[in-house]
Amino acid sequence: ELKVEQNPLFLSMQEGKNYTIYCNYSTTSDRLYWYRQDPGKSLESLFVLLSNGAVKQEGRLMASLDTKARLSTLHITAAVHDLSATYFCAVVNFGNEKLTFGTGTRLTIIP
Amino acid sequence: EPEVTQTPSHQVTQMGQEVILRCVPISNHLYFYWYRQILGQKVEFLVSFYNNEISEKSEIFDDQFSVERPDGSNFTLKIRSTKLEDSAMYFCASSGTEVYEQYFGPGTRLTVT
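Presented here is a report on the structure given in the accompanying data block. (Residues numbered from 1 in each chain as written. Chains lettered and ligands numbered in written order. Predicted model: local features only at pLDDT ≥ 70, side-chain atom pairs only at ≥ 80, totals over all residues. Heavy atoms only, no water.)

Brief notes about the sheet that holds strand 3 (residues 19–24) of chain B
Residues and elements named next belong to chain B. Pairing is antiparallel in the open sheet, where 4 strands are placed in the order 1-3-8-7. Strand pairing shows two members of the sheet lacking a second neighbour, strand 1 (5–7) and strand 7 (65–68), which therefore form its edges. With direction set aside, neighbouring strand axes in the sheet form an average angle of 20°. With 3 bridges joining them, strand 1 and strand 3 adopt antiparallel strand pairing. Considered in strand 3, the bridge of T7 is made with R22. (Pairing = 2+ DSSP bridges. Helix = DSSP H or I, 4+ residues; strand = E, 2+ residues; numbered from the N terminus. Axes fitted to C-alpha atoms, helices over the stretch in contact; angles between N-to-C directions.)

This is the structure we're talking about:
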């Protein structure tokens, strides 16, 4: 059974600082997704990572995928308050399209 | 930009009642999904649907749950006899022929009292 773990679960950081969220998964997969969720809202797609070594950047967020280590990272550069949200990674099982989500990282940016 | 829509946004029901949650996927998409999120927890897969049949379902999706695509646009999730533990946010998602990305609807908050 595919398991997806994120750490940290909670992250409180000051504006302007850099930090990284980690996503580990237990079985082979070739696709990994990062989503953002604001309180009471739906899931907003941030990145789709399709292959080993994939790196994508959008604004202050950068995601990477290492399929051999079964690890993805979401790096936040010079955090600003409006990045406060919960971030989920999700992995697709081979042979189907079911998304298995991580536990989520609740990020709070402090002015 | 096309988007997935869901109705109602919030449904309150009594334990034992039937509820139907409705979704309109993006019009040219072929794959449809339901997920749920209990308050404060992670998102959990319920069921996927393709070519008018269930392609996969989770352990959560027991005999109390069913899905249907009654016409060319709607995709519904029915819970026959709701339990307190069914209280959650239910998200519908759809993906196109390249299935690389699932687009999520705004969710229906189901409260069972």
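Concerning the nonpolar core
Among the nonpolar cores identified, the biggest contains 25 residues, and A:L32, A:W34, A:L74 and A:Y87 are the most heavily contacted of them. Sort the elements by how many residues they give to this core and strand 9 (residues 85–92) of chain A lands first, with 4 residues. (Core = buried A, V, L, I, M, F, W, Y, C linked by side-chain atoms within 4.5 Å. Buried < 20%, exposed > 50% of the residue type's maximum accessible area, 1.4 Å probe, protein only.)

Considering the layout of surface pockets
In this structure, the largest pocket encloses a volume near 500 Å³. Surrounding the largest pocket, 26 residues form its lining, A:Q37, A:T86, A:R106, B:Q37 and B:G40 being those nearest its centre. Ranked by residues supplied to the lining of the largest pocket, first place goes to strand 11 (residues 105–110) of chain A with 4 residues. Of the residues belonging to the lining of the largest pocket, the class tally is 10 nonpolar, 11 polar and 5 charged. (1 Å grid on protein atoms, 1.4 Å probe; cavity = no way out; pocket = protein on both sides within 12 Å on 5 of 7 lines; lining within 4 Å. Points joined across faces, edges and corners; volume = space filled by probe spheres on them. Nonpolar A, V, L, I, M, F, W, Y, C, P; charged D, E, K, R; others polar.)

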